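Residue strings, one per chain:
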Amino acid sequence: MATDTPAYKRILLKLSGEALMGNCSYGIDPEVIKRTAQEIKELSDMGVQVAVVIGGGNIFRGAGLAEAGMDRVAGDHMGMLATVINALAMQDALEQIGAYCRVMSALKIHEVCEDYIRRRAVRHLEKGRVVIFAAGTGNPFFTTDSAASLRAVEVGADAMFKATKVDGVYDADPMKHPEAVRYETLTYDTALASKLAVMDATALVMCRDYNMPLKVFNMGASGDLKRIVMGDEDIGTTVTRD
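Residues numbered from 1 in each chain as written. Predicted model: local features only at pLDDT ≥ 70, side-chain atom pairs only at ≥ 80, totals over all residues. Heavy atoms only, no water.

(A) Structural context of the nonpolar core. Ranked by internal contacts, the top residues of the largest apolar core, which has 37 residues, are Met 90, Leu 94, Ile 132 and Phe 161. For this core, the secondary-structure elements that each account for two or more residues are strand S1 (10-15), helix H1 (30-45), strand S2 (49-54), helix H3 (72-96), strand S3 (101-105), strand S5 (130-134), strand S6 (159-164) and helix H8 (224-229). The greatest single-element share of this core, amounting to 6 residues, is contributed by H3. If we ignore the near neighbours within four places in the chain, the residues touching Phe 161 are Tyr 8, Ile 11, Leu 12, Leu 13, Lys 14, Lys 215, Phe 217, Leu 225, Ile 228 and Val 229. Val 53, Met 160, Met 199 and Cys 207 belong to the second-largest nonpolar core, a separate cluster that totals 29 residues. (Core = buried A, V, L, I, M, F, W, Y, C linked by side-chain atoms within 4.5 Å. Buried < 20%, exposed > 50% of the residue type's maximum accessible area, 1.4 Å probe, protein only. Helix = DSSP H or I, 4+ residues; strand = E, 2+ residues; numbered from the N terminus. Contact = heavy atoms within 4.5 Å.)

(B) Highlighting helix H5 (residues 144-154). Burial runs high along H5: 8 of the 11 residues are buried. Packed against the buried residues of H5 are S1, S2, H3, S5, S6 and helix H7 (201-209). Residue Thr 143 occupies the N-cap position of H5, its side-chain oxygen lying 3.3 Å from the main-chain nitrogen of Asp 145. A positive backbone phi angle near 70° is found at Gly 156, which sits one or two residues after H5. (Polar contact = N/O pair within 3.5 Å; in protein donor to acceptor, adjacent residues only side chain to side chain.)

(C) A nonpolar patch on the surface, seen in detail. A cluster of nonpolar side chains, Leu 65, Met 70 and Met 78, forms an exposed patch at the surface whose accessible area comes to about 220 Å². One can find Met 70 in the loop between helix H2 (62-67) and H3. Looking at Met 70, the relative accessible area reads 31%, which means it is partly exposed. (Patch = residues over 30% accessible without salt bridge, like charges linked within 9 Å, V, L, I, M, F, W, Y side chains within 5 Å. Areas by Shrake-Rupley, 256 points an atom, 1.4 Å probe, with all protein chains shown as cover. Salt bridge = Lys/Arg side-chain N within 4 Å of Asp/Glu carboxyl O.)

(D) Spatial organisation of the side chain of Thr 83. Along the chain, the position of Thr 83 falls in helix H3. A relative accessible area of 2% means that Thr 83 is categorised as buried. Setting aside anything within four residues of it in sequence, one finds Thr 83 in contact with Ile 54, Gly 55, Gly 56, Ala 134, Ala 135, Gly 136 and Thr 144.

(E) Spatial organisation of the sheet that holds S5. Strand order in this open sheet of 9 strands is S4-S3-S5-S2-S1-S6-S10-S11-S9, and the pairing throughout is mixed. Edge positions in the open sheet fall to strand S4 (114-115) and strand S9 (185-187), since each of these has one partner strand only. As defined by bridge partners, strand S10 (residues 214-218) adjoins strand S11 (residues 237-240) across 3 bridges and the pair is classed as antiparallel. Looking across to S11, one finds that Lys 215 is bridged to Thr 238. Packed on one face of the sheet, H5 meets S1, S2, S5 and S6 and runs near 175° to S1. (Pairing = 2+ DSSP bridges. Axes fitted to C-alpha atoms, helices over the stretch in contact; angles between N-to-C directions.)

Nothing here speaks to function; it is all geometry.
Encoded structure:
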């Protein structure tokens, strides 16, 4: 049930790169990133400590080029750099509206952002700064979902929020199957056994093993992020260990 105070003190928000495209076919839709930044700042203004991981699929997908013959390691490194571009764009959007923000990269790019250091990241969060984690885990073969799970556990988030294009997890693709049923709650074991399209298996196992609650929701629905953080259980799908 929703309350007058946030239900979470510290969260990690996972955004896909595709979510930043809006109605564009490539890159970043300025209106989408402005609206997303405003929703993040609103949480920060309420005292919620917000960490963010953004994918890079709106700019470059290393796995896709690997299937076409490119070296997978090279492709993944290019994908990591795409996430840095998105992170810097989100930092700018947040600072334009008065939010304090830091970008921390798993790859060393000192000229544009800080290195990822866990203790420093936690300190930034404690000071009320939005922290954006870029470049995934810094290693090839790991998705940004896995990076988000890892960072959520490392910084001690109360929950991980995954923003998607649909309002939760379904038993089938709701875009292809209108009769698909949305789960209100779900366990990690069920998601893994049923191969539900929540996150990749590595990310799911990490959240399960470290008892990290996961909220899956539609970032395109304005205001839903705040409503979930305020404790509205009727939005999205909640995934837990038990």
